[in-house]
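# Per-entry structural report
The chain contents come next:
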Amino acid sequence: MLWTDILVEALGWIGSVLIVGAYALNIQGKLRADQPLYIWSNMIGGIFFVVNTIAHKAYPSALVNVIWVAIAVYSIVKTKRAS
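Thresholds applied
- Residues numbered from 1 in each chain as written.
- Predicted model: local features only at pLDDT ≥ 70, side-chain atom pairs only at ≥ 80, totals over all residues.
- Heavy atoms only, no water.
- Helix = DSSP H or I, 4+ residues; strand = E, 2+ residues; numbered from the N terminus.
- Buried < 20%, exposed > 50% of the residue type's maximum accessible area, 1.4 Å probe, protein only.
- Contact = heavy atoms within 4.5 Å.
- Expected span 1.5 Å × (residues − 1).
- UniProt positions renumbered as here; feature names shortened; annotations may be inferred.
- Core = buried A, V, L, I, M, F, W, Y, C linked by side-chain atoms within 4.5 Å.

### Description of the overall build of the chain
Along the backbone of the chain there are 3 helices and 0 strands. For the chain, the sequential pattern of α-helices and β-strands runs α-α-α. Here the C-alpha coordinates of the chain stretch approximately 45 × 25 × 20 Å along the principal axes. Here the chain holds 83 residues, and 28% of them are scored as buried. Partitioning the contacts of the chain with sequence separation of at least 6, the portion at a separation of at least 24 is 53%.

### Topic: helix H3 (residues 59–82)
Under the 1.5 Å per step criterion, the end-to-end length of H3 is 34 Å for 24 residues, consistent within 8% with the ideal 34 Å. Looking only at H3, the buried set comprises Ala62, Asn65, Val69, Ala72 and Ile76. In the core, the buried residues of H3 are packed alongside helix H2 (36–55).

### Some thoughts on the UniProt feature "transmembrane region" (unreviewed entry) in the chain
On the UniProt side, "transmembrane region" (unreviewed entry) is annotated at positions that read residues 6–25, 37–55 and 61–77 here. Secondary structure across residues 6–25 comprises 100% helix and 0% strand; the distance between its end C-alpha atoms is 28 Å.

### Some details on the nonpolar core
Core analysis: the biggest nonpolar cluster contains 5 residues, these being Ile39, Met43, Val69, Ala72 and Ile76. At the level of elements, H2 and H3 are the ones that each hand at least two residues to this core. Broken down by element, this core gets its largest block of residues, 3 residues, from H3. Excluding its chain neighbours within four sequence positions, the residues that come into contact with Ala72 are Ile39 and Met43.

Below is the structure:
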């Protein structure tokens, strides 16, 4: 296994932990969806998923994650403009 394969898999796993972890904390009431940590976790996790899914040629999933990242970027920009 090449180091790039290991990196792609690691990014996929880290992305899943970031997104699912943020969601779990949100559901438990420990992290609000409008908090920067939630938004950044989703954006970074989504980027990592995009890398992983493109590497695996899972293009429908990659598209979903590109949209996921775009939503997070929109939320960050909206929050910065409001403050």
